[in-house]
Amino acid sequence: PPRRRSDRDRARAPMTVTDKTSPATAPTASPTAPAFKTERDVLNYWETLSQEVNLARGKIGELAVSLREHVNVLENVKNLDPSRRCFRSVGGVLVERTVKEVIPAVESNAANLRRAIEAIKEQCAVKEAELEALRKKYKIRVQGEDAMPTDARESSSGGGVLA
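Keep in mind that what you see is a predicted model, and the values were worked out from it rather than measured.

## Digging into the overall build of the protein
Turning to step 1, where the next piece is worked out: Per the secondary structure count, the protein includes four helices and four strands.
Turning to step 2, where the next piece is worked out: In the protein, the succession of helices and strands from N to C terminus is α-α-β-β-α-β-α-β.
Turning to step 3, where the next piece is worked out: In the protein, the proportion of contacts linking residues at least 24 apart, taken out of those at least 6 apart, comes to 48%.
Turning to step 4, where the next piece is worked out: Taken as a whole, the protein presents about 12,200 Å² of accessible surface, with 54% of it coming from carbon and sulfur.

## Let's talk about the pairing of strand β2 (residues 93-98)
Within a regular beta strand, the side chains point alternately toward one face of the sheet and then the other, so they alternate between its two faces.
Turning to step 1, where the next piece is worked out: Where strand β1 (residues 85-90) meets β2, six bridges bridge the pair, whose relative direction is antiparallel. Across the sheet, Ser-89 pairs through a bridge with Leu-94, a residue of β2.
Turning to step 2, where the next piece is worked out: From the end of β1 to the start of β2, which pair antiparallel, there are two residues, and Gly-91 there has a positive phi angle of about 60 degrees.

## Here's the deal with the environment of Asn-44
Turning to step 1, where the next piece is worked out: Within the secondary structure, Asn-44 is located in helix α2 (residues 39-77).
Turning to step 2, where the next piece is worked out: What makes Asn-44 partly exposed here is its relative accessible area of 34%.
Turning to step 3, where the next piece is worked out: Each C-alpha atom, one on Asn-44 and one on Ala-163, is 9.3 Å from the other, the two residues being 119 residues apart in sequence.

## A word on the packing of aromatic side chains
The description of two aromatic rings rests on the distance between their centres and on the angle between their planes.
Turning to step 1, where the next piece is worked out: One pass over the structure, following the stated rule, counts two aromatic pairs.
Turning to step 2, where the next piece is worked out: Each residue in the set Phe-36, Tyr-45 and Tyr-138 is aromatic and connected to the rest through ring pairs, giving one cluster.

## Considering the layout of surface pockets
Turning to step 1, where the next piece is worked out: Taken as a whole, the second largest pocket encloses approximately 200 Å³ of empty space.
Turning to step 2, where the next piece is worked out: For the second largest pocket, the full set of lining residues is Glu-69, His-70, Val-73, Val-77, Cys-86, Phe-87, Arg-88, Ser-89, Val-102, Val-106 and Asn-109.
Turning to step 3, where the next piece is worked out: Taken together, the elements giving at least two residues each to the lining of the second largest pocket come down to α2, β1 and α3 (99-138).
Turning to step 4, where the next piece is worked out: Of the residues in the lining of the second largest pocket, the class split is six nonpolar, three polar and two charged.

## Looking at α3
Turning to step 1, where the next piece is worked out: In a regular helix each residue adds 1.5 Å, so 40 residues correspond to 58 Å; α3 covers 57 Å between its end C-alpha atoms and thus fits that length.
Turning to step 2, where the next piece is worked out: Buried within α3 we find Val-99, Val-102, Val-106, Ala-110, Leu-113, Ile-117, Ile-120, Cys-124, Glu-130, Leu-131, Leu-134 and Tyr-138.
Turning to step 3, where the next piece is worked out: The elements touched by buried residues of α3 are α2, β1, β2, β3 (140-141) and β4 (161-162).
Turning to step 4, where the next piece is worked out: Backbone geometry just downstream of α3 places Lys-139 in the positive-phi region, at approximately 50 degrees.

Conventions adopted
- Residues numbered from 1 in each chain as written.
- Predicted model: local features only at pLDDT ≥ 70, side-chain atom pairs only at ≥ 80, totals over all residues.
- Heavy atoms only, no water.
- Helix = DSSP H or I, 4+ residues; strand = E, 2+ residues; numbered from the N terminus.
- Contact = heavy atoms within 4.5 Å.
- Areas by Shrake-Rupley, 256 points an atom, 1.4 Å probe, with all protein chains shown as cover.
- Pairing = 2+ DSSP bridges.
- Buried < 20%, exposed > 50% of the residue type's maximum accessible area, 1.4 Å probe, protein only.
- Phe/Tyr/Trp six-rings, centres within 6.5 Å; stacked < 30°, edge-to-face > 60°.
- 1 Å grid on protein atoms, 1.4 Å probe; cavity = no way out; pocket = protein on both sides within 12 Å on 5 of 7 lines; lining within 4 Å.
- Points joined across faces, edges and corners; volume = space filled by probe spheres on them.
- Nonpolar A, V, L, I, M, F, W, Y, C, P; charged D, E, K, R; others polar.
- Expected span 1.5 Å × (residues − 1).

Written out as C-alpha cells, the structure is:
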C-alpha cells in the first residue's frame, strides 16, 4: 500500500504558490502603498484606510465639540470680575480658582484643540488622497455609489474592484 505522508513529511515538502496577479492587482511603486499581490489585498488596504479616515473624522467631531465648549466658557467669563471665584474641572476633580487664573488655561486648551484638529485634518486629507488614488488606479467602486455614466461605461475596459 502507498505510504501515508506524516506531518513531518509535509513540513519538508516544498510548497508551491500560484501567483494570481492580474494587471488590476499588480504591485504598486507608490512609496506609501504596500505592494499588492491579490485583489483581496487591495480591498483589505482600502477598507483599513477607509476605517482610519472615518475614525479621524469622528475624532475631529469630538474635538470640535470640546472646542465649542471652551469657546463658550471664554465668552461667558470674559466680562466677569477677574477676582470672582469659579470652578474648573481638572482631571475629573473640581477645583476652585479665580476667573483671572482660569481664562489663560482655557485659552491655552482651546488653542491646543485647534492645533490638534488641524493636524488630524491634514492626516485625513493625506489618507483621502491615497484612497482616491487607489480608487482610480484599481477602479474601485463602493457599493451603493452611483454607477458610472453610460459614456464612461462604454469607454472603460476592465472590471475593477467592488468594495
